[in-house]
Amino acid sequence: MKTIISRRTLVRIISFSAAIIAVLAAADIVYMCRLSRAESSIEYGYQEAVEELAQSADKISATLTKGLYASSPQMMQKLSSELLSEASNAKNALTKLPVATSNLEKTEKFLSQIGNYAYAMSATAADGTTPSYEDYQTMSTLCDNAEAFAGELWSLKSKLLSNDKTITELFSELEDGGESFLADGLSTVEEGFENTPKLIYDGPFSDHILEKTSEMLENAEEVTEDEAREIAASYCGLEAYRMKTAEYSEEGTMPSYRFTANCVTCSVTKNGGYVCYMLKRQEVKTSNLSADEAVEAAQTYLENLGIEDMTKTYYETYNGVCTVNFAYSEDGVTCYTDLIKVAVALDDGEIIGYDARGFLMNHVERELLEPTLSETECQSNLSPMLTVTGSGMAVIPSDSVEEKLCYEYRCRSTDGKTVLVYVNTETGEEEDILILLETEGSVLTV
């Protein structure tokens, strides 16, 4: 018997089929989008792992370098703890990469050796034993390897980002025995550990400056919002009505009012009415001033504000802006806790940034005690790998945010580095070691 399909039924069948196809197509698109997002997430994870590995290698190299200039068991124990932490971070990043352990066997071994070495040095330091000549030799070799390791990793990361293929594809080719820059790069990394012995554009101390309650602000008289607006307007050279109240004020350890006008943002403390910071959003396209001229402009700026006794410490030039760090100086003692930063545009010398939060948080009337130990006594405890080229006194924060009075020794290492060592004037113990990095336009520390 012949079945006859009506025109209406046929239209319904076609419409229903089209609807099913559309649903399936939409589902496929959703699936592909999710798959694409998942693949992007995986790729980002691999890129992040390579960067984490390189950053840890940098910190391992810096910590080992500091170890070369340490002489006390206390400082060696502190550095050993940092070394152990970074070795662990590096091994964790290594496990995130889609590469067989056999391809990075020496790298993994090196990181394990760093961890074991840190344990051994920590145990030795805990016994009160100072590092031996052999210890320094081992640290020197490990440091060279870590520095080369970091360099190769940063180079590899740059090549990975500029390649047309995904990291997943490149690692897959590596597993299949393919030849590529990835294989060459990892091979170079591995070869760098052939001589591994058997067996770390603010200034220093800035992590600590905002971690306590400000004595300077605590008992200061509170100002109204309108009073604060007048202060901000006067500071920025604008009429008060142009200073608009920002959507939110700042609370936390330093409650402040925030105001904006055109491209300027200014924050004023609710207690005392002090300017916390000022920021001008300005694109700097040319660099007509030198770093020295920028530092001079920043110094003049502070003097015009009536801020005295500030000493230039470190500075950094980036994207046409030179940011200068100043520390308060009292009776020849540099107080690294009392910081002010000034940012100078290198095209016309305009001040486009000012940050006094470190100063406002930490500045107090100090009663500095006479040192228990002499400068010569403390200097005799420095590492034999350092030659003192200058010295002074400084106040620095400790891990507990308490201030420590120290002798600051500027030294030259046997390999030509400039090293700053801070020795407690009361106990004679090393409180901190910084390595000075001097490049064109910048003087920073690690």
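What you are looking at is a predicted structure, and each value in this text was computed from that prediction instead of being measured.

Trainee: I keep staring at the overall build of the protein and nothing clicks. Help me out?
Mentor: Counting its secondary structure elements, the protein contains eleven helices and 13 strands. Among the 446 residues that make up the protein, the fraction classed as buried is 45%. Of the roughly 23,800 Å² of accessible surface on the protein, 49% is carried by carbon and sulfur atoms.

Trainee: Hey, could you run me through the nonpolar core in this one?
Mentor: Among the nonpolar cores identified, the biggest contains 58 residues, and Val342, Tyr354 and Tyr422 are the most heavily contacted of them. With seven residues, the top contributor of residues to this core is strand β7 (residues 333-345). Ranked by size, the runner-up nonpolar core spans 45 residues in total, among them Val50, Met75, Phe110 and Cys378.

Trainee: Is there a simple way to explain unusual backbone geometry in this structure?
Mentor: Glycine aside, the phi torsion of most residues is negative, and most peptide linkages are trans. Despite not being glycine, Asn262 has its phi angle at roughly 55°, a positive value. Note that Asn262 resides in the loop between β2 (256-261) and β3 (264-269). Unusually for a residue other than glycine, Asp309 sits at a positive phi of about 60°. Structurally, the position occupied by Asp309 is in the loop between α9 (291-304) and β5 (310-318). Relative accessible area serves as the criterion here: at 47%, Asp309 is assigned to the partly exposed category.

Trainee: Just checking my understanding: could you explain the pairing of β3 for this structure?
Mentor: Along any regular strand the residues' side chains alternate between the sheet's two faces. Extensive coverage of β3 is indicated by the burial of six of its six residues. What you see with β3 is no split at all: Val264, Cys266 and Val268 on one side and Thr265, Ser267 and Thr269 on the other are buried throughout. Pairing geometry for β2 and β3, over six bridges, is antiparallel. If you follow Arg258 over to β3, its bridge partner there is Ser267. Counting the residues that bridge the hairpin from β2 to β3 gives two residues, and of these Asn262 lies at a positive phi of roughly 55°. For β3 and strand β4 (residues 275-280), the ladder comprises five bridges, and the chain directions are antiparallel. Its bridge partner lying in β4, Ser267 is registered against Tyr277.

Trainee: Help me understand the pattern of salt bridges in this model?
Mentor: Oppositely charged side chains can pair when the atoms bearing their charge come close. Applying the stated rule across the entire model yields ten salt bridges. Across the pair Asp226 and Arg229 runs a salt bridge whose closest N-O atoms are separated by 3.7 Å. Of the two residues, Asp226 and Arg229 both sit in helix α8 (residues 225-236), three residues apart, roughly one turn of that helix. With a shortest N-O distance of 2.9 Å, Lys280 and Glu350 are connected by a salt bridge. On the criterion of sequence distance, the pair formed by Lys280 in strand β4 and Glu350 in the loop between β7 and β8 (351-355) is long-range, its members being 70 residues apart. Through salt bridges that share partners, Glu225, Asp226 and Arg229 make up one connected network.

Trainee: Just checking my understanding: could you explain the environment of Ala261 for this structure?
Mentor: With respect to the helices and strands, Ala261 occurs in strand β2. Take Ala261: its relative accessible area is 5%, and that puts it in the buried class. Setting aside residues no more than four positions away along its own chain, Ala261 makes contact with Leu238, Arg242 and Met243.

Trainee: What am I meant to see in the side chain of Thr265 here?
Mentor: By the secondary structure assignment, Thr265 is in strand β3. Ignoring any residue separated from it by four or fewer positions in sequence, one finds Thr265 in contact with Arg258, Phe259, Thr260, Tyr277, Met278, Leu279 and Arg281.

Trainee: Explain the pairing of β4 here, please?
Mentor: Linking two consecutive strands that pair antiparallel, namely β3 and β4, is a turn of five residues; a positive phi of about 90° is found at Gly272 within it. Relative to β8, β4 runs antiparallel, the two sharing three bridges. Directly across from Tyr277, in β8, lies its bridge partner Asp355.

Trainee: Can you walk me through the state of the cysteines in this structure?
Mentor: Considering all chains together, one arrives at zero disulfides under this definition. Of all cysteine sulfurs, the one in Cys266 lies closest to Cys276, which takes part in no disulfide; the gap is 8.6 Å. Classification of Cys276 as buried rests on a relative accessible area of 1%. Not engaged in a disulfide, the cysteine Cys378 finds its nearest cysteine sulfur in Cys406; these two sulfurs lie 8.9 Å apart.

Trainee: What exactly am I supposed to notice about the confidence of the model for the protein here?
Mentor: Confidence in the prediction of the protein, expressed as mean pLDDT, is 78, and 73% of residues score 70 or more. Per-element averaging of pLDDT across the protein places helix α6 (residues 181-191) at the bottom with 60 and helix α11 (residues 375-379) at the top with 94. Counted against residues more than four places away or in other chains, residues 197-203, with its pLDDT under 50, gives 27 contacts.

Trainee: Is there a simple way to think about helix α2 (residues 73-95) in this case?
Mentor: Given 3.6 residues to a turn, an α-helix orients residues that are three or four positions apart in the same direction. Over its 23 residues, α2 extends 33 Å from the first C-alpha to the last, a length consistent with the 33 Å expected when each residue adds 1.5 Å. Looking only at α2, the buried set comprises Pro73, Met75, Met76, Leu79, Ser80, Leu83, Glu86, Ala87, Ala90, Ala93 and Leu94.

Trainee: How should the packing of aromatic side chains be read in this particular structure?
Mentor: Think of a pair of aromatic rings as described by two things: how far the centres are apart, and how the planes are tilted against each other in angle. For the coordinates displayed, the defined rule picks out six aromatic pairs. Ring geometry for Tyr301 and Tyr354: centres 6.1 Å apart, planes at 70°, overall edge-to-face. With Tyr301 in helix α9 and Tyr354 in strand β8, this pair connects stretches of sequence that are 53 residues apart. Judged by its relative accessible area of 16%, Tyr301 is buried. You can call Tyr354 buried: its relative accessible area is 7%. Ring geometry for Tyr407 against Tyr409: centres 6.2 Å apart, planes inclined by 45°, an arrangement best described as tilted. In terms of burial, Tyr407 and Tyr409 fall into one category: buried.

Parameters and conventions
Residues numbered from 1 in each chain as written. Predicted model: local features only at pLDDT ≥ 70, side-chain atom pairs only at ≥ 80, totals over all residues. Heavy atoms only, no water. Helix = DSSP H or I, 4+ residues; strand = E, 2+ residues; numbered from the N terminus. Buried < 20%, exposed > 50% of the residue type's maximum accessible area, 1.4 Å probe, protein only. Areas by Shrake-Rupley, 256 points an atom, 1.4 Å probe, with all protein chains shown as cover. Core = buried A, V, L, I, M, F, W, Y, C linked by side-chain atoms within 4.5 Å. Pairing = 2+ DSSP bridges. Salt bridge = Lys/Arg side-chain N within 4 Å of Asp/Glu carboxyl O. Contact = heavy atoms within 4.5 Å. Disulfide = S-S within 2.5 Å. pLDDT = per-residue confidence, 0-100. Expected span 1.5 Å × (residues − 1). Phe/Tyr/Trp six-rings, centres within 6.5 Å; stacked < 30°, edge-to-face > 60°.

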